[in-house]
Amino acid sequence: MKITIADVLSTLNAKEEFTVAAEQDRVRWRGLVYPVTKKEPFQLCLVNNDNKKLLIAGDAHMTVTLPCDLCLSDVPTAFDLSIRRELAIRDGAVVSEDKEESAFLEGAVLDVDRLIYDELLVNWPTKILCREDCKGLCPVCGQNLNVRDCGCDRQVADPRMARFQEIFDQCKEV
Ligand SMILES: [Zn+2]
Ligand SMILES: [Zn+2]
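Residues numbered from 1 in each chain as written. Chains lettered and ligands numbered in written order. Predicted model: local features only at pLDDT ≥ 70, side-chain atom pairs only at ≥ 80, totals over all residues. Heavy atoms only, no water.

**Q** Got a minute to help me understand the overall build of the protein in this structure?
**A** Tallying secondary structure elements over the protein gives three helices and ten strands in all. Helices and strands appear in the protein in the N-to-C order β-α-β-β-β-β-β-β-β-β-β-α-α. Along the first, second and third principal axes, the C-alpha atoms of the protein reach 85 × 30 × 25 Å. Taken over 174 residues, the protein has a buried fraction of 32%. The long-range fraction of contacts in the protein, counting pairs at least 24 apart against all pairs at least 6 apart in sequence, stands at 57%. In the form shown here, the protein has an accessible surface area of approximately 11,200 Å², with 50% of it arising from carbon and sulfur atoms. Between the mean site of the 22 positive side-chain charges and the mean site of the 30 negative ones, the protein shows a separation of 3 Å. (Helix = DSSP H or I, 4+ residues; strand = E, 2+ residues; numbered from the N terminus. Buried < 20%, exposed > 50% of the residue type's maximum accessible area, 1.4 Å probe, protein only. Contact = heavy atoms within 4.5 Å. Areas by Shrake-Rupley, 256 points an atom, 1.4 Å probe, with all protein chains shown as cover. Lys, Arg positive; Asp, Glu negative; His and termini not counted. Charge placed at Lys NZ, Arg CZ, Asp CG, Glu CD.)

Structure (structure tokens):
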């Protein structure tokens, strides 16, 4: 969704509120695509501060399905995005040295999806688990161990670990 913010940019101390919504139904990141399973319209407030600054504020809530780090099963992940941006303006236009910072703006057109996308990446979780005690996948056969135990001998799955096991067993025998 794109909105035109020319009035706010050019009017001293103008304040405008837009009801906006994300249009994207997937999020692309690092070559992977994640489905957006829930999103809702929200208020985006824009303020011209003394013809010097453009303030952008809004709270967006979205749910994106991400894979569990250990077992790869779907984890609906809620994002509570608190968008707070401040950009310098001069003569009714945004002046930004950092192009990335204002990538969601093209002249007086604000790309809501880009704004949200940037915010999603900032809030991306470093760890995603379907549950705290996720057992993960069997390294031997790939079975999801939360569903059932395949019975594989996982102790010797990794040759380096097997070596450790051997030494450890010898220690115990002494
Ligand atoms: Zn899991
Ligand atoms: Zn297995």
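Moving on from the coordinates now.
**Q** Explanation requested: the environment of Pro125 in the structure shown.
**A** For Pro125, the location among the structural elements is in the loop between α2 (112–122) and α3 (159–173). Once the C-alpha coordinates of Pro125 and Phe79 are considered, the two residues, 46 residues apart in sequence, prove to be 9.3 Å apart.

**Q** Mind showing me how you'd approach the pairing of strand β5 (residues 42–49) here?
**A** Look at any regular strand and the pattern is simple: side chains alternate between the two faces of the sheet. Relative to β5, strand β2 (residues 15–20) runs antiparallel, the two being bridged by six bridges. For Phe18, the partnering residue across the bridge sits in β5 and is Leu44. In the sheet, β5 pairs with strand β6 (residues 53–67) via six bridges, with the strands oriented antiparallel. If you follow Asn49 over to β6, its bridge partner there is Lys53. Taking the residues between adjacent antiparallel strands as the criterion, β5 and β6 are bridged by three residues, where Asp50 takes a positive phi near 55 degrees. (Pairing = 2+ DSSP bridges.)

**Q** How do you make sense of the domain arrangement of the protein when you look at a structure like this?
**A** It is common to report an interface's size as the accessible area lost on association of the parts. Domains assigned within the protein are domain 1 (2–122) and domain 2 (135–174). Computed over C-alpha atoms only, the centres of domain 1 and domain 2 are separated by 46 Å. (Domains from an automatic or database assignment.)

**Q** What is the right way to look at the coordination of the zinc ion (ligand 1) in this model?
**A** For a metal with four tetrahedral donors the ideal donor-metal-donor angle is 109.5 degrees, while six octahedral donors give ideal angles of 90 or 180 degrees. Those donors, Cys68 (SG), Cys71 (SG), Cys130 (SG) and Cys134 (SG), are the protein atoms that reach the zinc ion (ligand 1), and they lie 2.3 to 2.4 Å from it. Because the angles between the four donor atoms bound to the zinc ion (ligand 1) fall within 106 to 116 degrees, the donor set is best described as tetrahedral. Donor residues for the zinc ion (ligand 1) sit on one chain with the sequence pattern C-x2-C-x58-C-x3-C. Of this pair, Cys68 sits in the loop between β6 and β7 (74–90) while Cys134 sits in the loop between α2 and α3, placing them 66 residues apart in sequence. In this pair, the class of Cys68 matches that of Cys134, namely buried. (Donors = N, O, S within 2.8 Å, 3.2 Å for Na, K, Ca; no water. Tetrahedral: all angles 85-135°; square planar, octahedral: opposite > 155°, others 65-115°.)

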